[in-house]
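These are the residues of each chain, in order.
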There are 2 protein chains.
Amino acid sequence: MKKVYLVGAGAGDVELLTLKAVNILKKADVVLYDALVNTQCLEFCKKDTITINVGKRKNNHIKKQNEINKMLVQYGKQYNIVVRLKGGTPFVFGRGMEECEALAKAGLEPIVISGVSATTSVPESFMIPLIYRKYNDSYRTITGHDVEIFEDIITTYNKRESLIIMMGIHNLKQIVKILLNKSFPTNIPVAILSKGTTKEATKLVFTLDELLNKPLEFFDDIKTLTPAMIFVGYFDATNSIN
Amino acid sequence: MKKVYLVGAGAGDVELLTLKAVNILKKADVVLYDALVNTQCLEFCKKDTITINVGKRKNNHIKKQNEINKMLVQYGKQYNIVVRLKGGTPFVFGRGMEECEALAKAGLEPIVISGVSATTSVPESFMIPLIYRKYNDSYRTITGHDVEIFEDIITTYNKRESLIIMMGIHNLKQIVKILLNKSFPTNIPVAILSKGTTKEATKLVFTLDELLNKPLEFFDDIKTLTPAMIFVGYFDATNSIN
């Protein structure tokens, strides 16, 4: 059965590529890559590899998901080694399973090559621990793309759990209100982590209360930091390590 | 300031090492590695690199955490490039931040090199999506090591959220009871994922109800599958992809 590779490209820094990812990129006939993938990853490909940007960004989709699925099937049938290169890792957001289903339906075998997820490596790149016994035993990774879904899932504050909100920067004001309604402490740190693991990396830290009192322009300005994730939890913002 | 590198080794498969990890391993004077690290990773080191197993395993600690911290500081001061090679990624369980604090206190600079976390790559290696719009928008990563902490954090079932329980296989029976008490559906799939990304990888899938009715010997036997993680959530266990 012909195979198609779903490959995680890591979080931004090209050196976060795994050996497995590099090995398959070197052999690829076709690479379909996301907007968030560092294009330096493509430098591992052969000179005649066909590389196609199928990146989707909010309100500016280059390709819709069903178009990407169709392309994957089409190229998968036509070429020997087709790579779907995705930001982070294939099954953490990014519709990896939908692509696998489309491939399986068409008689192609999807192979997943895990990457370094932004959900873990971006906080790490800012020296923010996801698990730190001093503060927590658990963390929750959630989409902030749809505030209704977000509100439904965040049932209540748990002091031993941090929150990692992906794709939520456009809804920051509403997210702040929801968290306060769900009994999150007014002084809990909220770290906005933009372009993590790259040279343009920026960290902004506020409390929930500070964010609630920001003017509307602030929330407009902050959208320019995308891609950004939001970390909610305690992490020793002021210690010597940071 | 002298640096000490906390490096993620990935989940088991040596090819899940990142380029960044390989580059630093090639230059390392000393490598202090965990029990869960694939020792093939050490083959990238120079011939005269000092490699030390400081692995901790339940009830069989080779080194205690404060001993590891002391060693890191001691080697960090003595050698140019010291690598603390950790399973998965440094800040997801595994006391990475405690090590950073000890280093910072001793005047050494901790540098974190993210790896492929087992929390994401092990489910992926079994074709289990962490985020799959059909079923969920969120996942929770939690320790099952201490059932009291576990019980405290798992407030209630949320149908749009999956659960990833690390280090919980020894407490499986109690975890099953807690989840049922917290209104998790009796028919929700529980996947036990053992030695993911390696050749000995095994997946066992039951419902909560099936697990509740297993004899005591089952829970003794299953401990032999360690290291194993527990995934609780829907994921199309029966489709053609699996």
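Fair warning: this is a prediction, and the values are worked out from it, not measured in the lab.

1. Section: the relation of the copies chain B and chain A
Superposing chain B onto chain A takes a rotation of 180 degrees plus a shift of 0.0 Å along the axis, which leaves an RMSD of 0.0 Å. These values place the two chain copies in the arrangement generated by a two-fold rotation axis. A share of 100% of interface residues in chain B that are also interface residues in chain A marks the association as one of identical surfaces.

2. Section: the domain arrangement of chain A
All names here are of chain A. What the domain assignment lists for chain A is domain 1 (3-116) and domain 2 (119-232). Centre-to-centre separation of domain 1 and domain 2, based on C-alpha positions: 28 Å. Tallying the contact residues gives 10 residues for domain 1 and 15 residues for domain 2. Buried area between domain 1 and domain 2, both sides added, is near 780 Å², and the carbon and sulfur share of it is 75%. Counting across the domain 1 and domain 2 interface gives 0 salt bridges. When the residues that make up the side of domain 1 that touches domain 2 are grouped by side-chain class, the tally is 6 nonpolar, 1 polar and 3 charged.

3. What to know about the sheet that holds strand β2 (residues 30-33) of chain A
Residues and elements named next belong to chain A. Ordered in space as β3-β2-β4-β1-β5, the 5 strands form an open sheet in which the pairing is parallel. Two strands lie at the open edges of the sheet, namely β3 (50-53) and β5 (109-113), each paired on one side alone. Across the sheet, the mean angle separating the axes of adjacent strands is 20 degrees when strand polarity is ignored. Sheet topology places strand β1 (residues 3-8) next to β5; 5 bridges connect them, and they run parallel. Paired with Val4 across the strands is Pro110, a residue of β5. Against the sheet, helix α3 (residues 96-105) makes contact with β1, β4 (82-86) and β5, and its axis sits at roughly 175 degrees relative to β1, the strand it touches most.

Quick notes on the rules
- Residues numbered from 1 in each chain as written.
- Chains lettered and ligands numbered in written order.
- Predicted model: local features only at pLDDT ≥ 70, side-chain atom pairs only at ≥ 80, totals over all residues.
- Heavy atoms only, no water.
- Least-squares fit on C-alpha atoms with pLDDT ≥ 70 in both.
- Contact = heavy atoms within 4.5 Å.
- Domains from an automatic or database assignment.
- Buried area = accessible area lost by both parts, 1.4 Å probe.
- Salt bridge = Lys/Arg side-chain N within 4 Å of Asp/Glu carboxyl O.
- Nonpolar A, V, L, I, M, F, W, Y, C, P; charged D, E, K, R; others polar.
- Pairing = 2+ DSSP bridges.
- Helix = DSSP H or I, 4+ residues; strand = E, 2+ residues; numbered from the N terminus.
- Axes fitted to C-alpha atoms, helices over the stretch in contact; angles between N-to-C directions.

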